[in-house]
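Each chain, letter by letter, is given below.
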Amino acid sequence: MTDNKKIADLIFKDINRTPEYYEEMYPVRNLPEGARVTRFAPSPTGYLHFGGLYAGFASKFTAVSTNGVFMLRIEDTDKKREIEDGVSCIVNGLTAFGIAPDEGVTGFDTEKGDYGPYTQSHRREIYRVFAKKLVEEGRAYPCFCTPEILEEIHNRQENEDIKGYYGKYARCRDLTDDEIIEKINAGVPFTVRLRSMGDISRKITFDDMIKGKIEMSENVNDVVILKTDGIPTYHFAHAVDDHLMRTTHVVRGDEWIASVPLHIELFRALGFKPVKYAHIAPLMKEENGGKRKLSKRKDPEANVTYYIEKGYPKESVQEYILTILNSNFEDWRRANKTEDVSKFPFNFKKMSVSGALFDMVKFNDVSKNVISLMTADKVYNCVTDWAKEYDKELYGLLTSNSEKAKAIFNIDRDNPKPRKDIACWDEVRDYLSYFYNEIYTPDITLPETINSADAAEILQKYKEIYSENDTKDEWFAKIKELCTACGYTPNVKEYKQNPDAFKGHVGDVTTVIRIAMTSRVNSPDLYYIMQALGTDEVFARLDTAINSYRG
Ligand code: GLU
């Protein structure tokens, strides 16, 4: 007759507390009916992947829309793979894009909430209390198999449908108490394994919030729950943590689906009410006519830091993530043009089952649109915040004359069809370089259709009539006069009907002036550009161009 209690006391000499102690310490949450408690539970083993942020959004949005709670838990049981600033990258990434956790880890060594600690390495005792319970109840046992023995078992299973530690392969499952006590007293290292009661011929079904009903065979493996160093495996920590933190919905990558039968068995063995699962397929990217996963190794945009460094505003990232998160988001946005994204009724059922497509071109379009709808003040504040860290020279230029900078950002903004030039703050330097001689490299090459002599004449005559005090209408009237004076027609239609009668039309004349001012053939409204440059600079640039065209 095995004495499980004796074995448990021997293995867990250090443990005096009971599961009831922790059940009381972390009571069922007092939340409104239907409130969802979710968590983002990354391992700090690398940078925050965009797919992680995407999953974090699903967790956060479902919690927000049900008046629930969104937690951040750090799963750092694999110390070997941990990177130094892993936790900060995660916290900064979530915070920068507007989904700071309501509860849990808030920074390096800081946390908030009543269900902590939220870092797994600080929960060692809790796991041991629950593992002890399983040993006491005969639902877990110590396993002394060495890595070599396990490898040998693995090699013998080549032709088995099921691999792992079960049935005749589970060598330590039925050791006698004496054998166990002897080994432990002799200091033989051991893991603790679940004693599975599963039967491969029986099925379990569960309702995945995203994928729908899933049927799988029961788990039969005596999976390790505590490693030789006493640290839990992911599976065991997941069950204990999500139960005690009173998580209702586990949103995670769909690579975990295969483990659900094990997780359900663990929840049952521990006497916990199972959580609901929402398994997210990885983000996909189109390549060479096919699709592949958005990859940490191949795609710089897979790293959330990329968006921080490039200066994508929080609003753009949110807008894009929601676009790919829920298939009805774009319709909702059309119907609710100015509504804050937090009002969007997120729904797991509207998520892609097979993997949403991540598309940087679309991302940039979404971002350009978001930025085009911001006020000039908001753009100024965002750009300077970003530039302070990532482009000090630009920061200096913009802040040395904030009025000028805001006037520049205001060009073609705040109208029914704002221009969509800027996708991220990293593009601002180039966008406005011609306003600042410090960063402007003029290139006033003319299009082939306009010769230098004509351009010099246009600019010379223009110099005589330009006045900073003109209204936009007066300014344009002068351009038209200029056309006529130089052999161009102010009327494009007229030019098309009778091209031989003119050197060109008003578009050519403004192109010449535009190039002299900006070195570009395409720019925002030229009138406002000249206003922002100021008279002295306008004349200086006209002179430079005239001299250059005259050779
Ligand atoms: N630490 C696990 C991972 O990063 C978490 C999975 C989960 O959310 O449960 O994949």
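Going by the structure above, here's the rest.
For the structure given in this document, a descriptive report is provided here. Treat the numbers as computed from the prediction; the structure is a model and nothing was measured.

### Re the overall build of the chain
So, step 1. Helix and strand counts for the chain come out as 23 helices and 15 strands.
So, step 2. The long-range share in the chain, meaning contacts at least 24 apart out of those at least 6 apart in sequence, stands at 73%.
So, step 3. Approximately 26,600 Å² of the chain is accessible, and the part contributed by carbon and sulfur atoms is 48%.
So, step 4. Charged side chains of the chain number 76 positive and 87 negative; the gap between the two group centres comes to 3 Å.

### Details of the side chain of H279
So, step 1. Looking at where H279 falls in the secondary structure, it is placed in strand β11 (residues 276–280).
So, step 2. Of the polar contacts made by the side chain of H279, one reaches the side chain of D208; its length is 2.7 Å.
So, step 3. Separated by 3.0 Å, the side chains of H279 and R252 make a polar contact.

### Quick look at the pairing of strand β10 (residues 249–253)
So, step 1. Most of β10 is tucked away: four of the five residues are buried.
So, step 2. Two strands pair when backbone bridges link them, and β10 and β11 are joined in this way by five bridges, in the parallel orientation. Residue pairing in the sheet places H249 in a bridge with K276 of β11.
So, step 3. Taken together, β10, helix α9 (residues 260–270) and β11 form a β-α-β motif whose crossover is right-handed.

### Details of helix α5 (residues 124–136)
So, step 1. Over its 13 residues, α5 runs 18 Å from end to end, which matches the ideal 18 Å to within 8%, given 1.5 Å per residue.
So, step 2. Counting buried residues in α5 gives ten out of 13 residues, a clear majority hidden from the surface.
So, step 3. Three or more residues of α5 are buried, namely I126, Y127, R128, V129, F130, A131, K132, K133, L134 and V135.
So, step 4. In the stretch just after α5, G138 is the one whose phi turns positive, near 75 degrees.

### A short note on the pattern of salt bridges
So, step 1. The full count for this structure, using the stated rule, is 44 salt bridges.
So, step 2. Of the charged contacts in the structure, one is a salt bridge between R246 and E23, with a shortest N-O distance of 2.9 Å. With R246 in the loop between α8 (234–244) and β10 and E23 in helix α2 (residues 19–25), this residue pair connects regions lying 223 residues apart in the sequence.
So, step 3. For E23, a relative accessible area of 27% corresponds to the partly exposed category.
So, step 4. A salt bridge links E457 to K503, with the shortest nitrogen-to-oxygen separation between them at 3.6 Å. Here E457 is found in helix α18 (residues 452–465), whereas its partner K503 is found in the loop between α20 (492–497) and β15 (504–505), with 46 residues between them in sequence.
So, step 5. Exposure remark for K503: the relative accessible area of 41% places this residue in the partly exposed category.
So, step 6. Through salt bridges with shared partners, a single ionic network connects R39, R73, E75, R123, D241 and D242.

### Re the site of the ligand
So, step 1. The ligand sits among R39, A41, P42, S43, E75, Y234, R252 and W256.
So, step 2. Contact distances for the ligand include 3.3 Å between an oxygen atom and a side-chain N or O atom of W256.
So, step 3. Contact with the protein chains removes 81% of the 290 Å² of surface that the ligand exposes when unbound.
So, step 4. Considering only residue class, the shell around the ligand consists of four nonpolar, one polar and three charged.

### A short note on helix α21 (residues 506–518)
So, step 1. In this model, α21 (13 residues) spans 18 Å end to end at C-alpha, consistent with the 18 Å of a helix rising 1.5 Å per residue.
So, step 2. For α21, the buried fraction is high: twelve of the 13 residues fall into the buried class.
So, step 3. Listing the buried residues of α21 in full gives V506, D508, V509, T510, T511, V512, I513, R514, I515, A516, M517 and T518.

### Thoughts on the sheet that holds strand β5 (residues 140–143)
So, step 1. Spatially, the three strands line up as an open sheet ordered β5-β6-β9, and their pairing is antiparallel. Of all strands in the sheet, those with a lone pairing partner are β5 and β9 (224–226), marking the two edges. On average, each strand axis in the sheet is inclined to that of its neighbour by 45 degrees, with strand direction left out of account.
So, step 2. Sheet topology note: the strand β6 (residues 191–194)/β9 ladder contains two bridges and is antiparallel. Bridge pairing in β9 links R193 to V224.

### Looking at the nonpolar core
General note: in soluble globular proteins, nonpolar side chains tend to be found buried as a group.
So, step 1. Counting 175 residues, the largest nonpolar core has F50, L53, F236 and L432 as its most contacted members.
So, step 2. Per-element accounting of this core gives the leading share, eight residues, to helix α3 (residues 50–65).
So, step 3. For L53, the contacting residues outside a window of four places in its chain are L48, G93, L94, F97, I99, V304, V317 and I321.

### Section: the environment of A455
So, step 1. Along the chain, the position of A455 falls in helix α18.
So, step 2. Judged by relative accessible area, A455 falls into the buried class, the value being 0%.
So, step 3. Sequence spacing of A455 and I214 is 241 residues, and the spatial spacing of their C-alpha atoms is 72 Å.
So, step 4. Not counting residues up to four positions away in its chain, the partners in contact with A455 are L446, I450, V512 and Y549.

Conventions adopted
Residues numbered from 1 in each chain as written. Predicted model: local features only at pLDDT ≥ 70, side-chain atom pairs only at ≥ 80, totals over all residues. Heavy atoms only, no water. Helix = DSSP H or I, 4+ residues; strand = E, 2+ residues; numbered from the N terminus. Contact = heavy atoms within 4.5 Å. Areas by Shrake-Rupley, 256 points an atom, 1.4 Å probe, with all protein chains shown as cover. Lys, Arg positive; Asp, Glu negative; His and termini not counted. Charge placed at Lys NZ, Arg CZ, Asp CG, Glu CD. Polar contact = N/O pair within 3.5 Å; in protein donor to acceptor, adjacent residues only side chain to side chain. Buried < 20%, exposed > 50% of the residue type's maximum accessible area, 1.4 Å probe, protein only. Pairing = 2+ DSSP bridges. Right-handed = clockwise from strand over helix to strand, strands pointing away. Expected span 1.5 Å × (residues − 1). Salt bridge = Lys/Arg side-chain N within 4 Å of Asp/Glu carboxyl O. Near = heavy atom within 4 Å. Nonpolar A, V, L, I, M, F, W, Y, C, P; charged D, E, K, R; others polar. Axes fitted to C-alpha atoms, helices over the stretch in contact; angles between N-to-C directions. Core = buried A, V, L, I, M, F, W, Y, C linked by side-chain atoms within 4.5 Å.

Just distances and angles here, no functional claims.
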